Amino acid sequence: MNNPNSFKKLVALLITGLLFVTAVYFIYAYITSFQSLTIKTEGNSQNTIVKLYGHGSDEQRAAVEKVTIGEPIKLKKGDYTIEFSGSGYELTSVNVTLGETAETVTIAPRYTAEKLRRILDKEKSEIHNQIMQQIPETRDKYVIESGKLYMQGQWYGAKIHKKQTPEEERLNYTDTFRIILKKENQKWTLITKPPELVLSKVKYPGIPREVLVDVNKNPE
Amino acid sequence: MDYEEKRSVQRKSLMLAGGIILLLIVSVTAWTTLQRRGKIPIEIRKLPHDTKITVNGAVARGSTIYLKPGKYVVKGEYEGFEPYSRKIDVTPESEIPIKLFFALTPKSDEARKWVMEHTDEYLDFELVAGEAHNEKSQEVRDKYPIMKELPYRGDLYNIEYFLDGDKFKVQVKSPTALGRQVAIERIKSWGYEPADYEIEFLGLDNPFVVPERKADNE
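Remember, predicted model here, so these are calculated numbers, not experimental data.

> Talk me through the overall build of chain A; I want residue IDs and the actual numbers.
Along the backbone of chain A there are five helices and ten strands. Within chain A, buried positions represent 36% of all 220 residues. Intrachain contacts of chain A at a sequence separation of at least 6 include 51% that bridge at least 24 residues. Looking at chain A as shown, the accessible area adds up to about 12,900 Å², and 52% of this sits on carbon and sulfur atoms.

Dropping the structure here:
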């Protein structure tokens, strides 16, 4: 180490090494600050628009339009809102946080109430036939009421209660049971068996929670 | 080499050594930090202390291991003791650190003798494990917050709960339709959505469940 030049070289090498390690760390940290997001939709999503908004800086809040459904996009980790809209669809917003793992968000678009009512007018007869086939008591002893379609018209929920005269209804409080049917392959099928006072997502995890919550409400 | 030169060489050697050590520390710290990104810390306490811990068959060393989110089987083994396995589900939402306790049961005479000689350690272990169990119970209460309202006695109904492992259900006891409906409204008034829970209505004779259909449903 008597040669000052050798010492200077070694010091320079050390500093370079430190800078190199630091640079590698920051480059790796930058690369891993991005995460993959895939947006998918259930059912028909033609003529719809999906927008993506970031939370945070003005730049992040700018909308990313024309997100390609089903293809992963790389974004900075953080909070985002996905908005789904289109003619005949309710505006749907979903929040997602991009963290350490890639995220796939599946949006379940909903038709507007008006559109669902028009579809129900056409489907009601077939739905009631199926209910009467699968729950024979509804042919004469029980009444089907408050039937509604949900989502894109593939879910039907209704309440059934014992048929009574107005006088009997005034004197006897009776249980109101709930049922949900699903249309698959052009056929309506009763999903909730047997009819129950409260339908639970624990027992029926495949039924959208919002459908269960609405069907469980009291008759209007 | 005179005294001043020697001092100068010594200083330079020290600076060089210090620089190399610093570089090593920075490198190791950066590498460790990057390796642990996205992983959840799992603290492992074990008796005997030399218990071999494996995670999905691979040996894991140290009292804290770091795992990516996923399902794992963590096993503790030591000669003379019964092996013990735990299945864990590591998620980004897991309460960190996850704590695992392995107090192996002796099966050989030698192992029993060892346990007798280390009774104090086993007692301390049980104390710490007990605290962890209380934390776990709090986790269950956090998962099913309606538990804090129950049991509840109304005029026409009672609302209780049933918990067996991971199976949780709310039980409404009422002989009348009005009582059952009022109980559901009571649950909603607490801010809970009935659809989020499995609710069993005791005292309800469901007219849509007939004996042959009951057999089908079971």
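Past the structure itself, the notes keep going.
> Got a sec to walk through the side chain of Lys-46 of chain B? Specific residues and values, please.
Residues and elements named next belong to chain B. Locating Lys-46 in the fold gives a position in strand E1 (residues 40-47). Within the buried set, Lys-46 has no salt-bridge partner at all; the shortest N-O distance to an opposite charge, 6.6 Å, is to Asp-50. Of the polar contacts made by the side chain of Lys-46, one reaches the backbone oxygen of Thr-51; its length is 3.3 Å. In this view, Lys-46 contacts Thr-51, Ile-53, Phe-102 and Phe-125; residues no more than four positions away in its chain are not counted.

> Which residues make up the nonpolar core, and what values go with them?
Ranked by size, the top nonpolar core spans 51 residues in total, and within it Tyr-156 of chain A together with Ile-146, Ile-159 and Ile-187 of chain B carry the most contacts. Sequence-distant contacts of Ile-146 of chain B, defined by excluding residues within four places in its chain, comprise Phe-168, Val-170, Ile-187, Trp-190, Tyr-192 and Tyr-197 of chain B. Core analysis: the second largest hydrophobic core is formed by 15 residues, Ile-40, Ile-53, Val-74 and Ile-98 of chain B among them.

> A description of the interface of chain B and chain A should follow, citing residues and the corresponding values.
One frequent convention defines the size of an interface as the accessible area lost when the parts assemble. Across the boundary between the two partners, chain B contributes 39 residues, which contact 39 residues of chain A. At the boundary of chain B with chain A, total buried surface from both sides reaches about 3,500 Å², with 68% on carbon and sulfur atoms. Counting across the chain B and chain A interface gives three salt bridges. Note that Asp-196 of chain B is salt-bridged to Lys-201 of chain A, the shortest N-O span being 3.7 Å. Linking chain B with chain A are seven residue pairs in polar contact (both at pLDDT 80 or more). When contributions to the side of chain B that touches chain A are tallied by element, the ones reaching two or more residues are helix H1 (3-36), helix H4 (177-189), strand E13 (199-202) and helix H5 (211-217) of chain B. It is H1 of chain B that provides the largest number of residues to the side of chain B that touches chain A, a total of 14 residues. Counted by class, the side of chain B that touches chain A contains 22 nonpolar, eight polar and nine charged residues.

> Could you give me a rundown of the pairing of strand E5 (residues 92-98) of chain A, with the residues and numbers involved?
Residue and element names in this part refer to chain A. Alignment of strand E4 (residues 78-86) against E5, held across seven bridges, turns out to be antiparallel. Within the sheet, the bridge partner assigned to Gly-78 lies in E5 and is Leu-98. In this antiparallel pair of consecutive strands, E4 and E5, the connection spans five residues, and Gly-88 shows a positive phi of 85°.

> Describe the side chain of Gln-181 of chain B, and please don't skip the residues or the numbers.
Inspection of the secondary structure assignment puts Gln-181 of chain B in helix H4. The exposure class assigned to Gln-181 of chain B is buried, which follows from its relative accessible area of 14%. Those residues in contact with Gln-181 of chain B, other than ones at most four positions away along the chain, are Tyr-173 and Asn-218 of chain A.

> Describe in detail the packing of aromatic side chains, supporting the description with residues and values.
Per the stated rule, a full pass over the model turns up 16 aromatic pairs over all chains. Here Tyr-152 of chain B and Trp-190 of chain B contribute two aromatic rings whose centre-to-centre distance is 5.3 Å and whose plane-to-plane angle is 75°, an arrangement assigned as edge-to-face. Separated by 38 residues along the polypeptide, Tyr-152 of chain B in strand E10 (residues 152-153) and Trp-190 of chain B in the loop between H4 and E13 bring together distant segments of the chain. Take Trp-190 of chain B: its relative accessible area is 19%, and that puts it in the buried class. Feature note: the residues Tyr-144, Tyr-161, Phe-168, Tyr-192 and Tyr-197 of chain B constitute an aromatic cluster, connected by ring pairs. The cationic tip of Lys-115 of chain A hangs over the ring face of Tyr-111 of chain A; the distance from NZ or CZ to the ring centre is 4.0 Å. Over the ring of Phe-162 of chain B we find Lys-169 of chain B; its NZ or CZ atom is 5.6 Å from the centre of that ring.

> Explain the environment of Trp-188 of chain A to me, and be specific about the residues and the numbers.
All names here are of chain A. Relative to the assigned elements, Trp-188 resides in strand E10 (residues 187-190). Among the residues examined, Trp-188 registers a relative accessible area of 0% and is labelled buried. The spatial distance from the C-alpha of Trp-188 to the C-alpha of His-128 is 9.7 Å, given a sequence separation of 60 residues. Polar side-chain contacts of Trp-188 include one of 2.8 Å to the side chain of Glu-123.

> Residues and numbers for the sheet that holds E4 of chain A, please.
Residue and element names in this part refer to chain A. Taking strand neighbours across the sheet as the criterion, the three strands line up as E2-E4-E5 in an open arrangement whose pairing is antiparallel. Whereas interior strands pair on both sides, the edge strands pair on one side only; in this sheet they are strand E2 (48-54) and E5. For this sheet, the mean inter-axis angle between neighbouring strands, taken without regard to orientation, is 20°.

> Could you give an account of the sheet that holds strand E9 (residues 176-184) of chain A, with specific residues and numbers?
Residues and elements named next belong to chain A. Taken in spatial order, the four strands line up as E7-E8-E9-E10 in an open sheet, and their pairing is antiparallel. Two strands close off the open sheet at either side, each with one partner strand: strand E7 (142-150) and E10. Across the sheet, the mean angle separating the axes of adjacent strands is 25° when strand polarity is ignored. Sheet topology places E9 next to E10; four bridges connect them, and they run antiparallel. The residue of E10 that forms the bridge with Glu-184 is Lys-187. The sheet strands contacting helix H3 (residues 113-134) are E7, strand E8 (155-162), E9 and E10, and the helix crosses E7 at an angle near 140°.

Criteria and cut-off values
- Residues numbered from 1 in each chain as written.
- Chains lettered and ligands numbered in written order.
- Predicted model: local features only at pLDDT ≥ 70, side-chain atom pairs only at ≥ 80, totals over all residues.
- Heavy atoms only, no water.
- Helix = DSSP H or I, 4+ residues; strand = E, 2+ residues; numbered from the N terminus.
- Buried < 20%, exposed > 50% of the residue type's maximum accessible area, 1.4 Å probe, protein only.
- Contact = heavy atoms within 4.5 Å.
- Areas by Shrake-Rupley, 256 points an atom, 1.4 Å probe, with all protein chains shown as cover.
- Lys, Arg positive; Asp, Glu negative; His and termini not counted.
- Salt bridge = Lys/Arg side-chain N within 4 Å of Asp/Glu carboxyl O.
- Polar contact = N/O pair within 3.5 Å; in protein donor to acceptor, adjacent residues only side chain to side chain.
- Core = buried A, V, L, I, M, F, W, Y, C linked by side-chain atoms within 4.5 Å.
- Buried area = accessible area lost by both parts, 1.4 Å probe.
- Nonpolar A, V, L, I, M, F, W, Y, C, P; charged D, E, K, R; others polar.
- Pairing = 2+ DSSP bridges.
- Phe/Tyr/Trp six-rings, centres within 6.5 Å; stacked < 30°, edge-to-face > 60°.
- Lys NZ or Arg CZ within 6 Å of the ring centre and 35° of its normal.
- Axes fitted to C-alpha atoms, helices over the stretch in contact; angles between N-to-C directions.

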